[in-house]
Amino acid sequence: MIRSETPEGARVLFAGPTVHFYGNHGHVAVLPALTGREMMACDYYHFPPKSVEYNYPPAVFRKKGDERIFEFMDFYNVSLIITYHPEWMAALRGSPDYYEEIAGAMEDAAVFRVLRGNSLFLKGEGRVRADFNRLDVSLPRLQDDVVLKYNWFKSMRASPPVELFPVEIEKGYNLIGVRPHGVKDFSIRF
């Protein structure tokens, strides 16, 4: 279901904590490998409870209302949301302009399609192929600055003349900004 309902390049988000709910009381860490789709959750596997915020998306977005949560979905190219939490089900069902429930998709969990386009670029256009510790980017034409819908980290590198920089979307949340300087195909490594 995840493969068929999530376009290639889009992400699946698990709203709220996942703990041991999915599958046979397991964690969701293996699902990206099994489905070929990128995923977002607060607890892919068993983190100590005080080491992460056990709710997702992050509180800084949740506290600002439905529109800000929907923006978070766009910032990270989320096209499918899965949850087993009644409060998340109610919130998503209460926002039919943003989310559409997929009937009968999973036993005990609700699955919602995010009603937005599919792009891994916040600014610009092209293709991104994600792999372990690597993003391969291909631009169809020369572009000035582009912004990728991936978290920026200071330790990321690209071969010169490509330049990377942070683009703040919320205090403490930065996406990857890129100045390609005439390069159409490049890799970013972590």
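Preceding this paragraph is the structure being described.
All values derive from a computational prediction rather than experimental measurement.

### A closer look at the environment of Leu92
Here's step 1: With respect to the element layout, Leu92 can be found in helix α6 (residues 86-93).
Here's step 2: Excluding its chain neighbours within four sequence positions, the residues that come into contact with Leu92 are Ile81, Thr83, Tyr99 and Phe112.

### A short note on the sheet that holds strand β1 (residues 11-14)
Here's step 1: Taking strand neighbours across the sheet as the criterion, the five strands line up as β2-β1-β3-β5-β4 in an open arrangement whose pairing is mixed. Two strands in the sheet have a free side with no partner beyond their single neighbour: β2 (38-40) and β4 (99-101). Adjacent strand axes in the sheet meet at a mean angle of 25°, parallel and antiparallel pairs treated alike.
Here's step 2: Alignment of β1 against β2, held across three bridges, turns out to be parallel. Across the sheet, the residue bridging to Val12 is Met39, located in β2.
Here's step 3: Along the sheet face, helix α5 (residues 66-75) touches β1, β2, β3 (78-83), β4 and β5 (110-114) and points at about 85° away from the line of β4.
Here's step 4: Its contacts with the sheet place α6 against β3, β4 and β5, and it is angled at close to 35° to β5.

### Focus: unusual backbone geometry
Here's step 1: A cis geometry characterises the amide bond from Tyr56 onward to Pro57, with omega recorded as 5°.
Here's step 2: Residue Asn77 is not a glycine yet carries a positive backbone phi of 55°.
Here's step 3: In this structure Asn77 comes out as buried when scored by relative accessible area, which is 0%.
Here's step 4: Positive phi outside glycine occurs at Asn133, with the angle close to 55°.
Here's step 5: Among the secondary structure elements, Asn133 is positioned in the loop between β7 (127-131) and β8 (134-138).

### Re the sheet that holds strand β10 (residues 157-158)
Here's step 1: The antiparallel open sheet is built from four strands, whose spatial order is β7-β8-β13-β10. Looking along the sheet, the strands with just one partner apiece sit at the ends: β7 and β10.
Here's step 2: The pairing of β10 with strand β13 (residues 185-189) spans two bridges and is classified as antiparallel. If you follow Arg157 over to β13, its bridge partner there is Arg189.

### Some remarks on the pattern of salt bridges
Here's step 1: Taken as a whole, this structure holds 16 salt bridges when the rule is applied.
Here's step 2: Between Arg116 and Asp74 there is a salt bridge, and its shortest N-O distance comes to 3.0 Å. Of this pair, Arg116 sits in the loop between β5 and β6 (121-123) while Asp74 sits in helix α5; the two residues are 42 residues apart in sequence, bridging distant segments of the chain.
Here's step 3: The exposure class assigned to Arg116 is buried, which follows from its relative accessible area of 18%.
Here's step 4: Residue classification places Asp74 among the partly exposed residues on the basis of a relative accessible area of 29%.

### Remarks on the side chain of Thr35
Here's step 1: Along the polypeptide, Thr35 turns up in helix α3 (residues 31-35).
Here's step 2: Judged by relative accessible area, which is 10%, Thr35 ranks as buried.
Here's step 3: In terms of polar contacts, Thr35 uses its side chain to reach the backbone carbonyl oxygen of Leu31, at 2.8 Å.
Here's step 4: Excluding residues that lie within four positions of it along the chain, Thr35 makes contacts with Ile2 and Arg3.

Rules and cut-offs
- Residues numbered from 1 in each chain as written.
- Predicted model: local features only at pLDDT ≥ 70, side-chain atom pairs only at ≥ 80, totals over all residues.
- Heavy atoms only, no water.
- Helix = DSSP H or I, 4+ residues; strand = E, 2+ residues; numbered from the N terminus.
- Contact = heavy atoms within 4.5 Å.
- Pairing = 2+ DSSP bridges.
- Axes fitted to C-alpha atoms, helices over the stretch in contact; angles between N-to-C directions.
- Buried < 20%, exposed > 50% of the residue type's maximum accessible area, 1.4 Å probe, protein only.
- Salt bridge = Lys/Arg side-chain N within 4 Å of Asp/Glu carboxyl O.
- Polar contact = N/O pair within 3.5 Å; in protein donor to acceptor, adjacent residues only side chain to side chain.

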